[in-house]
Amino acid sequence: MIHPSAVVEDGAQIDETAEIGPFCYISGRAKIGAHNKLIARVTILGDTTLGEGNIIFPGACLGGGPQDHGNEFQPDAKLVIGSHNVIRENVTMHAGTPKGQNPIAGEEVEKLITRVGSNGMFMVNSHIAHDCIVGDNVIMTNNAVIGGHVRLEDGVILGGNSAVHQFCRIGRKTMIGGMTGIGRDVIPFAIVTGDRGKLRGLNLVGLRRSGYDEHTIKAVTRAYMYIFKSNDGTFEERVAKAKEKYADNSMVQEQIKFIEEAMHSRRQVLVAE
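Moving on, we come to the pairing of strand β11 (residues 78–81). Residues of β11 alternate between two faces, with Leu79 and Ile81 buried on one and Lys78 and Val80 left unburied on the opposite face. Across four bridges, the pairing between β11 and strand β14 (residues 113–116) is parallel. Across the sheet, residue Lys78 finds its bridge partner in β14, namely Ile113.

As structure tokens, this is what we get:
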């Protein structure tokens, strides 16, 4: 299952069901799980782990040293990718640095590692920088890029040519429009568009497609309108009141927890204008 033109360094761990196409390069520290398919001209560098059933298209380069001056060649840096992802042409995903991942509310984070989840689609020329954490079912459209230490939670969609500033966090099932620059944390279930991203509302179509009932969606919408659009007190006061009023709605509580954490983050939270 390994094409004779592929270069596989000694020490590489490759499952017997994996397919390594022509002109691929596999590092001696790579670990490639079952049923992965590297179509052709795929480069796997450093200590990179692939789960199962990933399909990787020509030109992809995974596990390279970070574009972080002074940390380009860390011998212990890792990239860990889950299972059943589609990684298209010329995608780049970089290993971590000693600086570590972006902490949330003082949690301990891993260093020297970039993590990518499962069931994602990473389209042509998309880029995941060092020390990022990317969840499951994420879609990065053509030329979408995320800087170092970014967190993309489950189900995030990044439109074509969008860019996320380092240390930002994008909440679950958020949709970022094409050509959008993100410079702050974005709450779960949101829609953000614009040259410099602006919070436009909630991803209602995405929530319905995910099976959330109308009662829950309406409650989330009311809470969003109160927190981000009301003039009742300060933003912090509205968050506190919504937390109490919607105590039985897990989705609203998820947004509020995200906001509380973002208030103390490097990038803070993106608010509606």
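The subject of this paragraph is the sheet that holds strand β7 (residues 43–44). Across the sheet, nine strands lie side by side as β1-β4-β7-β10-β13-β16-β19-β22-β25; this open sheet has parallel pairing. Edge strands, defined here as strands with exactly one partner in the open sheet, are β1 (7–8) and β25 (181–182).

Within the secondary structure, Ser162 is located in the loop between β21 (157–158) and β22 (163–164). Look at Ser162 and you get buried, because its relative accessible area is 1%. Among the polar contacts listed, one links the side chain of Ser162 to the backbone oxygen of Gly159, at a separation of 2.7 Å. Residues contacting Ser162, with those up to four places away along its chain left out, are Asn143, Ala144, Val145, Ile176, Gly177, Met179 and Thr180.

So, on to the environment of Asp213. Residue placement: Asp213 occurs in the loop between α1 (204–209) and α2 (214–229). Between the C-alpha atoms of Asp213 and Lys37, which are 176 residues apart in sequence, the distance is 38 Å. Here the side chain of Asp213 touches His215 through a polar contact of 3.1 Å, landing on its backbone nitrogen.

It is worth spelling out the nonpolar core at this point. Of all hydrophobic cores here, the largest spans 66 residues; its most connected members are Leu38, Met93, Phe122, Ile146 and Leu152. Counting only elements with at least two residues in this core, the list comes to β11, β26 (190–193), β27 (198–202), α2, α3 (235–245) and α4 (250–262). Per element, the largest residue contribution to this core is seven residues, and it comes from α2. Not counting residues up to four positions away in its chain, the partners in contact with Met93 are Cys61, Leu62, Gly63, Gly64, Leu79, Ile81, Ile87, Val116, Phe122 and Ile128.

Read across the sheet, eight strands follow the order β2-β5-β8-β11-β14-β17-β20-β23 without closing on themselves; strand pairing throughout is parallel. Edge positions in the sheet fall to β2 (13–14) and β23 (169–170), since each of these pairs with one other strand and no more. Sheet topology note: the strand β5 (residues 31–32)/strand β8 (residues 47–50) ladder contains two bridges and is parallel. Within β8, the residue paired with Lys31 across the bridge is Thr49.

This part takes up α4. Along its 13 residues, α4 runs 18 Å from first to last C-alpha, staying within 8% of the 18 Å computed at 1.5 Å per residue. Residues of α4 that are buried include every one of Met251, Val252, Gln255, Ile256, Phe258, Ile259, Glu261 and Ala262, and no others. Looking at the buried side of α4, the elements it contacts are β23, β27, α1, α2 and α3. By the N-cap criterion, in which a side-chain oxygen at the helix start approaches the backbone nitrogen of a residue two or three places on, α4 is capped by Asn249, the distance to Met251 being 3.0 Å.

What counts, and where the lines are drawn
- Residues numbered from 1 in each chain as written.
- Predicted model: local features only at pLDDT ≥ 70, side-chain atom pairs only at ≥ 80, totals over all residues.
- Heavy atoms only, no water.
- Buried < 20%, exposed > 50% of the residue type's maximum accessible area, 1.4 Å probe, protein only.
- Helix = DSSP H or I, 4+ residues; strand = E, 2+ residues; numbered from the N terminus.
- Pairing = 2+ DSSP bridges.
- Polar contact = N/O pair within 3.5 Å; in protein donor to acceptor, adjacent residues only side chain to side chain.
- Contact = heavy atoms within 4.5 Å.
- Core = buried A, V, L, I, M, F, W, Y, C linked by side-chain atoms within 4.5 Å.
- Expected span 1.5 Å × (residues − 1).

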